[in-house]
2 protein chains.
Amino acid sequence: MEMPVPNADVIARKAQIVAALSKVMPSGAVISDVSETRAYECDALTAYRCAPLAVVLPRSTEEVSAVMKICHDMGVPVVPRGSGTSLAGGALPTADCVLLGVARMNEVIETDYENRFIRVQTGRTNLSVTGAVEQEDFFYAPDPSSQLACAIAGNIAMNSGGAHCLKYGVTTNNLLGVTIVLMDGTVTEIGGAHLDSGGLDLLGLICGSEGQLGVVTEATLRILRKPEGARPVLMGFDSNEVAGACVSDIIKAGVLPVAIEFMDRPCIEACEAFAHAGYPMCEALLIVEVEGSPAEIDEQLSVILDIARRHNPVELREAKDADEAGRIWLGRKSAFGAMGQINDYMCLDGTIPVTSLPYVLKRIGELSKQYGLGVANVFHAGDGNMHPLILFDANKPGDLELCEDMGADILRLCVEVGGCLTGEHGVGIEKRDLMVDQFAPDDLEAQMAVKDVFDPKWLLNPAKVFPLAASESRRNFALAAE
Amino acid sequence: MEMPVPNADVIARKAQIVAALSKVMPSGAVISDVSETRAYECDALTAYRCAPLAVVLPRSTEEVSAVMKICHDMGVPVVPRGSGTSLAGGALPTADCVLLGVARMNEVIETDYENRFIRVQTGRTNLSVTGAVEQEDFFYAPDPSSQLACAIAGNIAMNSGGAHCLKYGVTTNNLLGVTIVLMDGTVTEIGGAHLDSGGLDLLGLICGSEGQLGVVTEATLRILRKPEGARPVLMGFDSNEVAGACVSDIIKAGVLPVAIEFMDRPCIEACEAFAHAGYPMCEALLIVEVEGSPAEIDEQLSVILDIARRHNPVELREAKDADEAGRIWLGRKSAFGAMGQINDYMCLDGTIPVTSLPYVLKRIGELSKQYGLGVANVFHAGDGNMHPLILFDANKPGDLELCEDMGADILRLCVEVGGCLTGEHGVGIEKRDLMVDQFAPDDLEAQMAVKDVFDPKWLLNPAKVFPLAASESRRNFALAAE
């Protein structure tokens, strides 16, 4: 790929910006060399790449504030980045932006077991939050698949979930307060260490706002006591419809498993070939896990197994020990890796009403035939969050575009049945132009008016979340008003 | 009290407004006669009274929209009202407003047990939501003390809780979607029937916004399966500190009771004299309730009773049957009535970190001596929501003002220890001028800028929530800009 050659004006402006940033940041915290900024050119949506103008790596809220103030005053766009694990391009730079990475901000600020919270800098990774409290038998509940790498900053931006969010909720249900730096450098506290903050629910507004409203530098998170134990059951069914009906019946019975995971035949086959987990070859597999004391587990499982038996399962296997529990989860946890060995794939993320599952799977099957691309379905079935994996050949011209079109059709299908475009990955750049399928112009206008309040110049994380034409016209309007 | 005599201009304007409203509303739905509008002059904060210019009682979202459009175009303030049970003056009219009461909008629109939601018009009372689903063994969790009378509209406006919100969360955790009418008459849907709506979390923003952003006419609410059973334990301690430490230890142990209620000695004495519940005379009483199957209840209570015994309780009584459970709750549930028989009182509502309880109770005791006014404390201890009742004599000149000053000091104390001005009653007019004790000018400015987006003319529920001077200057600015 040939590098575009910047002209003299661009070079001079870059030098000005880097000089201003270097004045307020310690040495080594501003990166402007093109060979080094290249490391930040994409996140986990690697199909899109663009190196930023410069990268800053602050260690404190004060440094973030100083950077934001400079960028605000000089009219430079800022793209915030946690660990760069976004599957939706949420941290994709623009060529004229300062990429603000919070990865060096990973301190634990305060731990309070009596009031059950931890306060961390948001560059800290998800799993290491649990790591900081597990010696006291506590844990932080949201558990995205990328939890080893992903940062709390990104979890808050995307309102991330995970396999266990059926019981514990997603990030917004486990977030008590934040320190946020606004685009002009103002540092503000929202929420606190306890339930019920006063005033408008700006904390809820911030959570899931994908870096459009400010940069969250510190977060107070709810921590929970670890359950005494957990036990999964593996259930095989001979159709997606029956497995879907079984999920509905479990939910309706008022039992609350900690996870209900769903895999269809293409996914089962790939996982079994990869992990040799001993899965039965059938049309649909469920892994249902409950937790608590042994008595609670027995009680909940007896209800769940009764329901499952009424749906004529081809397999019903309760884990008898930790070893068998591990094997039941092994296949599911390696699903993405397993698929990646067989095929290139695009991982979608949409939500649907639980009861629409059989219909949606049927329609996805039809779309698969229509487009001539295979689909494997992995699904947080308890809370309606689907992850269809569309299989394609990255080396075949036109296949990626076909795959993107099919992905858009599947996400429109999610909206059509009453669900939405994203469960936990966010809109980012991936789905920005599908927003018009979910929202009427008035709805989008209201969302953009709220962004106007926090970021009147439209400098923060540009060209994402909102349809590109709408956000560009908004930004041009802001520029013209100056 | 002498009635102010309106001048000719005011009379003419009122006639114009009433005529415009009567054109779009059916007969009997617009009330303008002074003797009838008087019925709407106050809510449950009866110390403040002001009859509205007119009252409208719509039956549908379309009618609400028509009323809002007229008021918007004519520049008439609108005060929304559910059942008028606000203890913070959230539904207090202004003399120039149209009071928009949703009490006639009480239909159930849809019930879906498989996806566990109900959709209702928001004039429906809280308890009758459960009434609509209990034949299928479901219930709606938030349970404010006023649940027999209070409307879902008011619950959403104030983000109401209740004794059981320790386990089930408050309104915002049980609200899935709304239909909202904006000030200009626009009808918008926010959220839906399922988790994860796309875009900014405007649903969270609406919930608890005290009628400042729009009028919610329909709501989709999460319904839950009724637990198999529940059992309370009564615990007496010889100091507030020890009872507070016991609450902390229970929470820290990771058990999640459905309720932890706290009463101090003045409250115990009043309740016992009124209800003869057989409470021990001690310094502090806790009622801790757990629910689930008999096995789950036994298991949870064994952990809780072990913790309680370590704190040397003067009484530890586990309900053996439904009759004894009823008696344990009887005193607590009659607390407000019991206090009302003995004294005039003002009921406060603030939240604090659970661990600050002993300190806060000590400081309240000192303030009580300083002001010479008694205080009884009733407290949702599990989630830190306090309801101190300040006792005063309404017939003694100056006593109410003294009581208000002391109330303000107690709420400032809540903020000082890291809590907030309101747990579930809202700010309303009662606490608007205390907002500056909780929020810095920038924080208030951000909240008011969000209101600008939804209600640029500042016509909705005027003179509430924000400090009076700030909201009046905002409104005057909006008027001048026209």
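Residues numbered from 1 in each chain as written. Chains lettered and ligands numbered in written order. Predicted model: local features only at pLDDT ≥ 70, side-chain atom pairs only at ≥ 80, totals over all residues. Heavy atoms only, no water.

An unreviewed UniProt entry lists chain A under the name Glycolate oxidase, with Puniceibacterium sediminis as the source organism.

A. Region of interest: the overall build of chain A. Along chain A, the regular secondary structure elements total 17 helices and 19 strands. Compactness check: chain A gives a C-alpha radius of gyration of 23 Å against a globular reference of 23 Å for 482 residues, within 12% of the reference. When each of the 482 residues of chain A is scored for burial, the buried share is 60%. Within chain A, contacts between residues separated by at least 24 positions form 70% of all contacts whose residues are at least 6 apart in sequence. Summed over all atoms, the accessible surface of chain A reaches about 18300 Å², with 52% contributed by carbon and sulfur. (Helix = DSSP H or I, 4+ residues; strand = E, 2+ residues; numbered from the N terminus. Rg over C-alpha atoms; globule rule 2.2 N^0.38 Å. Buried < 20%, exposed > 50% of the residue type's maximum accessible area, 1.4 Å probe, protein only. Contact = heavy atoms within 4.5 Å. Areas by Shrake-Rupley, 256 points an atom, 1.4 Å probe, with all protein chains shown as cover.)

B. Geometry of the interface of chain A and chain B. Contacts between the two partners involve 53 residues from chain A, matched on the other side by 53 residues from chain B. Overall, the association of chain A and chain B removes approximately 4400 Å² of surface from exposure, summing both partners, and the carbon and sulfur fraction of that is 60%. Inspection of the chain A/chain B interface yields zero salt bridges. Where chain A touches chain B, the interface holds six residue pairs in polar contact (both at pLDDT 80 or more). Looking at the side of chain A that touches chain B, the elements that each hand over two or more residues are β9 (187-191), α7 (202-206), α8 (240-252), α10 (294-310), α15 (435-438) and α16 (441-454) of chain A. At eight residues, the largest contribution of residues to the side of chain A that touches chain B is made by α16 of chain A. (Buried area = accessible area lost by both parts, 1.4 Å probe. Salt bridge = Lys/Arg side-chain N within 4 Å of Asp/Glu carboxyl O. Polar contact = N/O pair within 3.5 Å; in protein donor to acceptor, adjacent residues only side chain to side chain.)

C. Structural context of helix α17 (residues 468-481) of chain B. All names here are of chain B. Between its first and last C-alpha atoms α17 spans 20 Å; for 14 residues at 1.5 Å apiece the expected length is 20 Å, and the two agree. All of the buried residues along α17 are S471, R474 and A478. End-on view of α17: buried residues confined to an arc of 60°, all on one side of the axis. Exposed and oriented more than 90 degrees from the buried face of α17 are A469, F477 and A480. Residues of α17 that are buried make contact with α16 (441-454). (Expected span 1.5 Å × (residues − 1). Arc of directions from axis to C-beta.)

D. Here's a closer look at the packing of helix α13 (residues 357-371) of chain B against helix α14 (residues 399-416) of chain B. Residue and element names in this part refer to chain B. In contact at an axis separation of 11 Å, α13 and α14 are set at 160° when each is read in the N-to-C sense. By the angle between their directions, the pair α13 and α14 is classed as roughly antiparallel. Crossing of α13 over α14 shows right-handed handedness. Where α13 abuts α14, its residues Y359, V360, R363, I364, L367, S368 and Y371 lie against L402, D405, M406, D409, I410, L413 and E416. Counted by class, the contact of α13 with α14 contains nine nonpolar, one polar and four charged residues. (Axes fitted to C-alpha atoms, helices over the stretch in contact; angles between N-to-C directions. Parallel < 35°, antiparallel > 145°, perpendicular 65-115°, else oblique. Left-handed = near helix turned anticlockwise from the far one by under 90°. Nonpolar A, V, L, I, M, F, W, Y, C, P; charged D, E, K, R; others polar.)

E. Seen up close, the relation of the copies chain A and chain B. Between chain A and chain B, which share one sequence, the superposing operator has a rotation angle of 180° and an axial displacement of 0.0 Å; the RMSD is 0.0 Å. Expressed as a symmetry operation, the mapping of one chain copy onto the other fits a two-fold axis. The share of interface residues of chain A whose copies in chain B are also at the interface is 100%, consistent with both copies meeting through the same surface. (Least-squares fit on C-alpha atoms with pLDDT ≥ 70 in both.)

F. Looking closely at the packing of helix α1 (residues 8-24) of chain B against helix α3 (residues 61-74) of chain B. Residues and elements named next belong to chain B. Remark: α1 packs on α3, axes separated minimally by 9 Å, with the N-to-C direction vectors making an angle of 150°. Considering the angle they form, α1 stands roughly antiparallel to α3. The element α1 and its partner α3 pack so that their crossing is right-handed. For the pair α1 and α3, the contacting residues are R13, Q16, I17, A20, L21 and V24 in the first and A66, V67, I70, C71 and M74 in the second. Of the residues contributing to the contact of α1 with α3, the split by class is nine nonpolar, one polar and one charged.

G. Geometry of the sheet that holds strand β9 (residues 187-191) of chain B. Residue and element names in this part refer to chain B. Strand order in the open sheet formed by five strands is β5-β6-β10-β8-β9, with antiparallel pairing between adjacent strands. Taken across any chain shown, the strands that pair with only one partner, and hence form the sheet edges, are β5 (108-112) and β9. This sheet shows a mean twist of 10° between the axes of neighbouring strands, independent of strand direction. Examined bridge by bridge, strand β8 (residues 175-181) and β9 share five bridges and lie antiparallel to one another. Across the sheet, residue I180 finds its bridge partner in β9, namely T188. (Pairing = 2+ DSSP bridges.)

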